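The residues making up each chain are set out below.
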Amino acid sequence: MSNPAFKCKQYIKMHIQNKTLPAAYAKAVEKYQVDKNLVIMADAHSDELPDSMVDLYSALVEKGYEVKIWCKDIAKLGAAATMDFMKDFMEEYAKAGFVIICSYFLPVSSCVKRPETTVIQLWHSGGLLKKMGYDTAEDIPDYYKGNVTANYDLVTVSAPICEPVWQQAMRLPDGVVKALGLARTDKYFDEARNAGLRDKLFNAIPEAKDKKIALYAPSFTGNASSAENKGIESGIDKAFEGRDDWFFIMKPHPHTIDKYKEYMDERLMDMSTDELYASADLFITDYSSALFDYCVYKKPFLLYCPDRDDYAERRGFYVDPDTFPCKLTTSVEELKEVLDDGSWNSYSDKDYQDFYDTYMSACDGHAIGRIISYMENINGR
């Protein structure tokens with residue numbers, strides 16, 4: 001990577017992973033036994049429990065597990081506070097029967113863990129599109145020393161087709177990646193929740209009620225410290241100017257919120273992207289796996305990729321997005337044409353269902369039950 005600050009940060013992470021945290025874990029192992037009833041939910045990108053974990057957390061508490069939350073947005077912490085957080089986690093890690101994460105979490109993979117502790121990686125994306133993990137230097141640089149996916153016992157994915165791809169991308173042994181579904185998608189099947197979310201949107205923005213809702217939620221390019229989005233910068237919002245039958249909502253990726261704050265509607269600041277799926281008539285993204293979540297609703301989506309060729313060369317795809325049941329546009333002019341001629345809604349029901357069955361078949365509203373069954377079998381419950 002050409003970003004000096006990013007590269008420096010990676011070298012610091014390597015030292016922490018390979019030296020500091022293994023020593024802290026070894027000391028904790030000498031002091032504690034494993035509690036099979038103790039579940040830790042951990043994340044280093046948020047101060048709150050990530051959406052991918054919320055409903056699973058509630059289900060585990062209801063089952064009688066002791067669940068502890070270890071979530072901090074370490075990007076907001078100083079070096080000393082970050083180190084304290086990680087060392088304290090290692091002590092809890094040595095005690096836990098289960099550790100559940102949904103993104104890269106350095107401490108989990110920094111040691112040779114006890115076999116009695118099971119690490120479950122929920123990850124935060126479904127389907128297959130852009131390359132990830134060890135398949136792209138944008139995620140894990142070639143020079144990185146240390147295995148960032150070590151110790152995973154289970155990685156949940158959205159369909160069987162994803163299993164071999166994720167196994168390769170994360171360099172995992174056979175049988176670790178399983179199509180149990182994505183825990184967070186269970187709630188999308190709750191019609192009472194969906195109705196409440198539509199009411200929440202229209203109460204916040206009454207003028208949107210009688211219009212078609214276009215929700216734009218793109219990914220980002222670059223690394224998290226210098227993230228940007230070509231679609232936003234190309235002026236995608238201009239495609240909806242003068243269209244009285246549409247209401248356009250933009251939700252920038254969390255890594256780009258500070259950069260693109262002026263594009264966000266303050267009235268919707270307390271609604272997450274996935275809470276807007278229920279109201280959207282058209283979902284627009286570029287390379288974000290959010291499109292697969294949205295497909296649970298069986299509504300039209302569209303790809304807007306002004307940097308498509310550059311992105312394909314730099315990062316690469318597992319699947320050609322031209323094969324998806326949607327229009328792929330690369331300019332504001334093309335997007336306008338698609339909106340004008342109605343082809344944004346031109347997919348066939350069969351093509352859409354085939355797409356869903358291929359990439360999201362395990363997301364059927366019962367993923368949490370399957371994940372808990374996996375845990376119960378380990379504990380002999």
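My aim in this report is to walk through the structure given alongside it, one point at a time. (Residues numbered from 1 in each chain as written. Predicted model: local features only at pLDDT ≥ 70, side-chain atom pairs only at ≥ 80, totals over all residues. Heavy atoms only, no water.)

**As for helix H12 (residues 367-379)**
Here H12 contains 13 residues, and its C-alpha end-to-end distance of 19 Å stays within 8% of the 18 Å for a straight helix at 1.5 Å per residue. Taken together, the buried positions of H12 are Ala 367, Ile 368, Ile 371, Ile 372, Tyr 374, Met 375, Glu 376 and Asn 379. Buried residues along H12 sit against strand E1 (35-43), helix H2 (51-62), strand E3 (96-101), strand E4 (118-121), strand E5 (154-156) and strand E6 (177-178). At the C-terminal side of H12, Gly 380 shows a positive phi close to 70°. (Helix = DSSP H or I, 4+ residues; strand = E, 2+ residues; numbered from the N terminus. Expected span 1.5 Å × (residues − 1). Buried < 20%, exposed > 50% of the residue type's maximum accessible area, 1.4 Å probe, protein only. Contact = heavy atoms within 4.5 Å.)

**Some thoughts on the sheet that holds E4**
In spatial order, the strands read E2-E1-E3-E4-E5-E6; together these six strands make up an open sheet with parallel pairing. Of all strands in the sheet, those bounded by a partner on one side alone are strand E2 (66-71) and E6. Summarising the sheet, E3 and E4 pair through four bridges and their orientation is parallel. In the strand pairing of E4, Val 99 is matched with Val 119. Sheet strands in contact with H2 are E1, E2 and E3, and its direction is about 160° off that of E1. (Pairing = 2+ DSSP bridges. Axes fitted to C-alpha atoms, helices over the stretch in contact; angles between N-to-C directions.)

**Description of helix H4 (residues 162-170)**
Buried within H4 are the following residues: Cys 162, Val 165, Trp 166, Ala 169 and Met 170. For H4, the angular spread of buried residues about the axis comes to 115°, placing them on one side. Where H4 is buried, its residues contact E5, E6 and helix H11 (349-359). The first or second residue beyond H4 is Arg 171, which carries a positive phi of 55°. (Arc of directions from axis to C-beta.)

**Some words on the sheet that holds strand E8 (residues 246-250)**
Spatially, E8-E7-E9-E10-E11 is the arrangement adopted by the five strands of the open sheet, whose pairing is parallel. Because the sheet does not close on itself, it has two edges, and the strands there are E8 and strand E11 (328-329). Sheet topology places strand E9 (residues 282-285) next to strand E10 (residues 301-304); three bridges connect them, and they run parallel. Residue pairing in the sheet places Thr 285 in a bridge with Leu 303 of E10.

**Description of the side chain of Asp 186**
Its location among the elements puts Asp 186 in the loop between E6 and helix H5 (191-204). Despite its burial, Asp 186 pairs with no opposite charge, the nearest such side chain being Arg 370 at 6.1 Å. Setting aside residues no more than four positions away along its own chain, Asp 186 makes contact with Gly 365, His 366, Ala 367 and Ile 368. (Lys, Arg positive; Asp, Glu negative; His and termini not counted. Salt bridge = Lys/Arg side-chain N within 4 Å of Asp/Glu carboxyl O.)

**A word on the state of the cysteines**
In the structure shown here, the tally under the stated rule is zero disulfides. Looking at the unpaired Cys 71, the closest cysteine sulfur is the one in Cys 102, lying at 7.7 Å. With relative accessibility at 8%, the residue Cys 71 sits in the buried group. Cysteine Cys 305 remains unbridged, with the sulfur of Cys 326 as its closest cysteine sulfur at 8.4 Å. (Disulfide = S-S within 2.5 Å.)

**Brief notes about the packing of aromatic side chains**
Per the stated rule, a full pass over the model turns up 31 aromatic pairs. Ring plane angle 40° and centroid distance 5.9 Å describe the contact between Trp 70 and Phe 85, whose orientation is recorded as tilted. Taken together, the positions of Trp 70 in strand E2 and Phe 85 in helix H3 (residues 79-93) put the pair 15 residues apart, joining distant regions of the chain. With respect to class, Trp 70 is no different from Phe 85; both count as buried. Connected via pairs of aromatic rings, a cluster forms that spans Phe 292, Phe 301, Phe 324, Tyr 347, Tyr 352, Phe 355 and Tyr 359. It is Lys 95 that lies over the ring of Tyr 32; its NZ or CZ is 4.4 Å from the centre. Positioned above the aromatic ring of Tyr 356 is the side chain of Lys 298, whose terminal nitrogen or guanidinium carbon lies 4.4 Å from the ring centre. (Phe/Tyr/Trp six-rings, centres within 6.5 Å; stacked < 30°, edge-to-face > 60°. Lys NZ or Arg CZ within 6 Å of the ring centre and 35° of its normal.)

It is worth stressing that arrangement in space is one thing and function is another; only the former is reported here.
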